[in-house]
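Listed here are the chains, written in short residue letters.
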Amino acid sequence: MRILAVSGSLRAGSHNTSLLQAAIDAAPEGVDVELWEGIGGLPIYDQDLEGTDLPESVRRLREDWGSADAILFATPEYNGSVPGGLKNAVDWGSRPRLEAALTNQNVAVIGASTGQFGAMWAQADLRKILGLAGARLIGDELPVTRAHEKFDHQGRLLDGELFERLRLLLETLALEAAPVEAAA
Ligand SMILES: Cc1cc2nc3c(=O)[nH]c(=O)nc-3n(C[C@H](O)[C@H](O)[C@H](O)COP(=O)(O)O)c2cc1C
C-alpha cells in the first residue's frame, strides 16, 4: 500500500512537512508513506496547456497522484484558506474530468498552523475542493494548533497523542483504500 504525502507548504522548515515526516513513522505495517514534492514546479493552471504538450511537471503529478493508493494532504492556512500552490495542484489533478488523477482517489486532510485553530478553515476548504474534484474523503480533520511548539529543531514531532492520532488516521485511510477482495 502506497500513500503519497503532499504538503501545502514549500518552505524548508515547514511544520506541515514535518507533520508528514511524522506520518511516515506513524504508518502501520505494510503501508509506505512517501513525501511528494512536486507542487512548487507546477505552472499556474491554464486550460490551454492541456493536450499533447502537457508540461512534464503536470504529467508527473497526474501519474503519481493517479497511481497511488491514497493521498494524505497537510495544509497550512494562508489568510483563512488553502495556499494558492496547493489549490493549483488540485486543479491540475482534477482534469481531464473523466480520467482525472483525483477522481475516486482516497484522500485525507490534516493541517498545522501556528495559531489557535490549527488550519481548520484551510482543512475545511481543502476538503470541499477535493470533494468537488471527485476525490473520496476519508476520516476527519486533524488540526495541529501552535505548531511551532509541537516539533523540535530537527522537525521531529514532540506530541505523543498527536502521533497516535496520525497513526489511527493512517490505519483508517489504509483500510478504506485497500482493494476489496473478490468473493470466493
Ligand atoms: C501568507 C500567510 C498567511 C497566513 N494566514 C494564516 C491564517 O489565516 N491562519 C493561521 O492560523 N495562520 C496563518 N498564517 C501562519 C501559518 O499558520 C504559519 O506560518 C505556518 O507555520 C505555515 O505552515 P508551514 O509551517 O507548514 O509553512 C499565515 C502565514 C502566512 C505566510
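Structural data are supplied above this passage.
Every chain begins its residue count from 1, and numbering advances along the sequence as written. With pLDDT at 70 or above as the cut-off, local features in this predicted model cover only qualifying residues; side-chain atom pairs require 80 or more to be listed or tallied, and sums for whole chains, interfaces and linings still use all residues. The basis for the side-chain values is all heavy atoms of the structure; hydrogens and waters are excluded.

Draft legend 1. Structural detail: the side chain of Ser-94. As for its placement among the helices and strands, Ser-94 is situated in the loop between helix H3 (84-93) and strand S4 (106-112). N or O atoms closer than or at 3.5 Å make up a polar contact, with two conditions inside protein: a donor-capable atom paired with an acceptor-capable one, and, for residues adjacent in sequence, both atoms drawn from side chains. From its side chain, Ser-94 meets the backbone oxygen of Asp-91 in a polar contact 2.8 Å long. Residue contacts follow a heavy-atom distance rule, with two residues in contact if any of their heavy atoms lie within 4.5 Å. Contacts of Ser-94, omitting those with residues within four sequence positions, involve Ala-100, Leu-102 and Ala-133. Think of it this way: any DSSP run of H or I at least four residues long counts as a helix, any run of E at least two long counts as a strand, and we number them from the N terminus.

Draft legend 2. Representation of the pairing of S4 in the model. The element S4 is largely enclosed, with a buried count of seven among its seven residues. Here S4 shows two buried faces, one formed by Asn-106, Ala-108, Ile-110 and Ala-112 and the other by Val-107, Val-109 and Gly-111. Each parallel crossover has a hand, and for strand S3 (residues 70-75) linked through H3 to S4 it is right-handed. A crossover gets the label right-handed when its path from the first strand over the helix to the second runs clockwise, viewed with the strands pointing away from the viewer. For the handedness criterion, the β-α-β arrangement of S4, helix H4 (residues 120-132) and strand S5 (residues 136-137) is classed as right-handed. Two strands make a pair as long as DSSP finds a minimum of two bridges between them. Bridge count for S4 against strand S6 (residues 143-144) is two bridges, and the pairing is parallel. The residue of S6 that forms the bridge with Ala-112 is Val-144. A simple rule labels every residue: compare its accessible area, found with a 1.4 Å probe on the protein chains alone, to the largest value its type can have, and call it buried under 20%, exposed over 50%, or partly exposed in between.

Draft legend 3. Molecular detail of the site of the ligand. Close contacts around the ligand come from Ser-9, Arg-11, Ser-14, His-15, Asn-16, Pro-76, Glu-77, Tyr-78, Asn-79, Gly-80, Ser-113 and Thr-114, and that covers them all. Backbone polar atom of Gly-80 to an oxygen atom of the ligand: 2.8 Å apart, as the coordinates give it. In this structure, an oxygen atom belonging to the ligand sits 3.1 Å away from a side-chain N or O atom of Ser-113. Protein coverage of the free-state accessible area of the ligand, which is 630 Å², stands at 69%. Charged means Asp, Glu, Lys or Arg here, nonpolar means Ala, Val, Leu, Ile, Met, Phe, Trp, Tyr, Cys or Pro, and polar covers whatever is left, Gly included. Looking at the shell around the ligand residue by residue, the classes come out as two nonpolar, eight polar and two charged. Whether a residue is near a molecule or strand is decided by its heavy atoms; if any one of them lies within 4 Å of it, the residue is near. Note on areas: Shrake-Rupley with a 1.4 Å probe; residue coverage comes only from the protein chains shown.

Draft legend 4. Structural view of the nonpolar core. Nine residue types can take part in a nonpolar core, namely buried Ala, Val, Leu, Ile, Met, Phe, Trp, Tyr and Cys, and a core is a set of them joined through side-chain atoms within 4.5 Å. One finds Ile-3, Leu-19, Leu-72, Ile-110, Leu-166 and Leu-170 to be the most contacted residues of the largest nonpolar core, which totals 29 residues. Counting residues per element, this core draws most heavily on helix H5 (residues 160-177), which supplies seven residues. Counting 26 residues, the second largest nonpolar core, distinct from the first, contains Val-6, Trp-36, Ile-39 and Ala-101.

Draft legend 5. Quick look at H3. Of all the residues in H3, the buried ones are Leu-86, Asn-88, Ala-89, Val-90, Trp-92 and Gly-93. Summarising the contacts, the buried residues of H3 are in contact with strand S1 (2-7), helix H2 (56-67), S3 and H4.

Draft legend 6. Representation of the packing of H3 against H4 in the model. Interaxial angle, 0 to 180 degrees, is taken between N-to-C directions of lines fitted to C-alpha atoms, where a helix line uses only the stretch in contact. Where H3 meets H4, the closest approach of the two axes is 10 Å, and the angle between their N-to-C directions is 15 degrees. When the interaxial angle is binned, H3 and H4 end up roughly parallel. The chirality of how H3 crosses H4 is right-handed. Counting all contacts with H3, which are made through Leu-86, Lys-87 and Val-90, the residues of H4 involved are Leu-126, Ile-129 and Leu-130. The scheme is simple: roughly parallel for angles under 35 degrees, roughly antiparallel for over 145, roughly perpendicular for 65 to 115, oblique for anything else. Left-handed describes a crossing in which the near helix is turned anticlockwise from the far one by less than a right angle; the clockwise case is right-handed.

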